[in-house]
Amino acid sequence: MMNPIVEFCISNLASGSYPVFETLERDPNIDVLEYGCLSYCTKCTDTLYAIVNGELVEADTADELTARIYQFIEENPLF
């Protein structure tokens with residue numbers, strides 16, 4: 001069984017999504033990756049986001065983003 005993959009942009013981590021990255025990194029059932037840029041620059045300046053299994057998930061706060069990522073993973077299981 002593959003783990004869900006959550007990708008973060010280093011600029012967005014600096015903008016406030018780092019607590020989400022830290023939380024997910026401690027979860028053994030999620031693979032967390034960090035990139036210099038994910039080419040979502042317009043989103044990156046406005047919101048916190050991550051790419052979950054190739055899909056954009058965004059939120060206004062770190063807590064909200066964490067919750068939305070877990071919700072997305074639950075609603076979109078990998079087979």
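Summarised in this report is the structure supplied together with it. (Residues numbered from 1 in each chain as written. Predicted model: local features only at pLDDT ≥ 70, side-chain atom pairs only at ≥ 80, totals over all residues. Heavy atoms only, no water.)

The subject of this paragraph is the overall build of the protein chain. Each helix and strand in the protein chain was counted, giving three helices and four strands. Along its sequence from the N terminus, the protein chain presents helices and strands in the succession β-α-β-α-β-β-α. Whereas a compact globule of 79 residues would reach a radius of gyration of roughly 12 Å, the protein chain reaches 11 Å, a difference of no more than 12%. Relative to its full complement of 79 residues, the protein chain shows a buried share of 38%. In the form shown here, the protein chain has an accessible surface area of approximately 4,800 Å², with 52% of it arising from carbon and sulfur atoms. (Helix = DSSP H or I, 4+ residues; strand = E, 2+ residues; numbered from the N terminus. Rg over C-alpha atoms; globule rule 2.2 N^0.38 Å. Buried < 20%, exposed > 50% of the residue type's maximum accessible area, 1.4 Å probe, protein only. Areas by Shrake-Rupley, 256 points an atom, 1.4 Å probe, with all protein chains shown as cover.)

This paragraph deals with the pairing of strand β4 (residues 55-59). Pairing between strand β3 (residues 48-52) and β4: five bridges, direction antiparallel. For L48, the partnering residue across the bridge sits in β4 and is A59. (Pairing = 2+ DSSP bridges.)

This part is about helix α1 (residues 10-25). One full turn of an α-helix is made of 3.6 residues, so residues set three or four places apart face in the same direction. Between its first and last C-alpha, α1 extends only 15 Å over 16 residues, short of the 22 Å set by a 1.5 Å rise per residue. Along its length, α1 reaches its greatest deviation from straightness, about 105°, at G16, and the proline P19 lies no more than four positions downstream. Restricting attention to buried positions, one finds in α1 the residues N12, L13, S17, V20, F21 and L24. Buried-residue contacts for α1 involve β1 (5-9), β2 (31-35), α2 (41-46), β3 and α3 (62-75). (Expected span 1.5 Å × (residues − 1). Bend = angle between axes of the 7 residues up to and from the residue. Contact = heavy atoms within 4.5 Å.)

Tallied over the entire structure, the rule returns two salt bridges. The partner of K43 in a salt bridge is E58, with the nearest N and O atoms 3.4 Å apart. Taken together, the positions of K43 in helix α2 and E58 in strand β4 put the pair 15 residues apart, joining distant regions of the chain. Its relative accessible area of 30% is what places K43 among the partly exposed residues. Residue class for E58 comes out partly exposed when judged on its relative accessible area of 27%. Two residues, E64 and R68, come together in a salt bridge whose shortest N-O distance is 2.7 Å. Placement of the pair is E64 and R68 together in helix α3, with a separation of four residues, close to one helical turn. Exposure remark for R68: the relative accessible area of 37% places this residue in the partly exposed category. (Salt bridge = Lys/Arg side-chain N within 4 Å of Asp/Glu carboxyl O.)

On to the sheet that holds β2. Taken in spatial order, the four strands line up as β2-β1-β3-β4 in an open sheet, and their pairing is mixed. Each having just a single partner strand, β2 and β4 make up the two edges of the open sheet. Sheet twist, expressed as the average angle between the axes of neighbouring strands with direction ignored, equals 30°. (Axes fitted to C-alpha atoms, helices over the stretch in contact; angles between N-to-C directions.)

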